[in-house]
Amino acid sequence: MQTSRHKRLKLVKSSETTSEDSSVSTKKHQSQLTLDEYYEHAEQYAQQIRKTHDVSEIIGILNTVLSETQDLRHNSELSSAQEQIRYAEQKIESLRHELELIRELVHNDQMTGLLNRRGLEELYAREAARADRNQSPLCAILIDLDDFEEINEVYGYPFGDKVLIHFSKLMQRTLRPSDVIARFSGKAFIILLPDTGIAEAVCVLQRLQHTLVNRPILSARHQPIPVTFSSGVTLRQPHEHLQVVIKRAEEALVRAKSSGKSQIEIYS
């Protein structure tokens, strides 16, 4: 009688083995995961997944499950189950890919590709913990594009979107890979600069201003459209929460905007 495909496969050991075969088999079982162990682990991982809402943690668990599933393919005792093992691999890979896409949607701004506020909070927690652990500086910058409403009114909202995308790409090209860039609101952005003091942060902003001047966005008629930004800079204090840091950066930004265009203000 043919067994149902949904039933668990069981390992059947031969009773006629020599002592040498038994020794080899013991070594294999020490290095290879048996199917019973795999199912036991899978149930444990399933329980872990049910208990968490963290997409990154779920992806990490799936990576472990996938690794153990791939290990089963090298188990000679499971040669008859290879088709089911490959199918399980494909399903896990597909689920992991979908979750990675969801994580990107949850943590990234869809227009610019930068981090959104939720993504910023996660990266800030990591960088703040590292700064506290190493007693290293962490600067935060709040940037606001000057006269952006006027750009939208004169050139239209689609062009305004292009300005945001253009500026986002310039920031990514100008800053270090270790720096954190997030879209904070419509025309505002936040930058976290690890291992960076106030003076260095100001130099970074000046370099970014220079880049924006030398690489302007072009209108539909291929005319360069001048875009500037103002910014507020603050140095995070030890064990300080993100909202407190942002509040200080906002205060500095308000002073910068009241002083004119393309201004940099330091919170002190």
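Before any of the text, the structure's been laid out above.
Definitions and limits used
Residues numbered from 1 in each chain as written. Predicted model: local features only at pLDDT ≥ 70, side-chain atom pairs only at ≥ 80, totals over all residues. Heavy atoms only, no water. Pairing = 2+ DSSP bridges. Helix = DSSP H or I, 4+ residues; strand = E, 2+ residues; numbered from the N terminus. Axes fitted to C-alpha atoms, helices over the stretch in contact; angles between N-to-C directions. Contact = heavy atoms within 4.5 Å. Expected span 1.5 Å × (residues − 1). Buried < 20%, exposed > 50% of the residue type's maximum accessible area, 1.4 Å probe, protein only. Polar contact = N/O pair within 3.5 Å; in protein donor to acceptor, adjacent residues only side chain to side chain.

K.L.:
Can you help me understand the sheet that holds strand β3 (residues 188–194) in this one?
P.N.:
Note: strands within a sheet are paired through backbone hydrogen bonds, in either parallel or antiparallel orientation. Strand order in the open sheet formed by 5 strands is β2-β3-β1-β6-β7, and the pairing between neighbours is mixed. Across the chains shown, the open sheet's two edge strands, defined by having one partner strand only, are β2 (180–183) and β7 (264–266). Within this sheet the neighbouring strands show an average axis-to-axis angle of 20°, counted without direction. Judged from the 4 bridges that link them, β2 and β3 form a sheet pairing that is antiparallel. Across the sheet, residue Arg-183 finds its bridge partner in β3, namely Phe-189. On top of the sheet, helix α8 (residues 198–214) reaches β1 (138–145), β3, β6 (229–235) and β7; it is set at about 165° to β6, its chief contact.

K.L.:
When you look at α8 in this model, what are you seeing that I'm missing?
P.N.:
At 3.6 residues per turn, the α-helix brings residues three or four places apart onto the same side. End to end, α8 covers 25 Å across 17 residues, agreeing with the expected 24 Å (1.5 Å per residue, within 8%). Every buried residue belonging to α8 is among Ala-201, Val-202, Val-204, Leu-205, Leu-208, Gln-209, Thr-211 and Leu-212, and all of these are buried. Tucked into the core, α8 has its buried residues touching β1, α7 (157–174), β3, β6 and β7.

K.L.:
Looking at this structure, I do not really get the side chain of Asp-144. What am I missing?
P.N.:
Tracing the backbone through its elements, the reader meets Asp-144 in strand β1. Asp-144 sits in the buried class, given a relative accessible area of 10%. Side-chain polar atoms of Asp-144 contact the side chain of Lys-187, separated by 2.5 Å. With residues near it in sequence (within four places) discarded, Asp-144 still touches Lys-187, Ala-188, Phe-229, Ser-230, Leu-253 and Lys-257.

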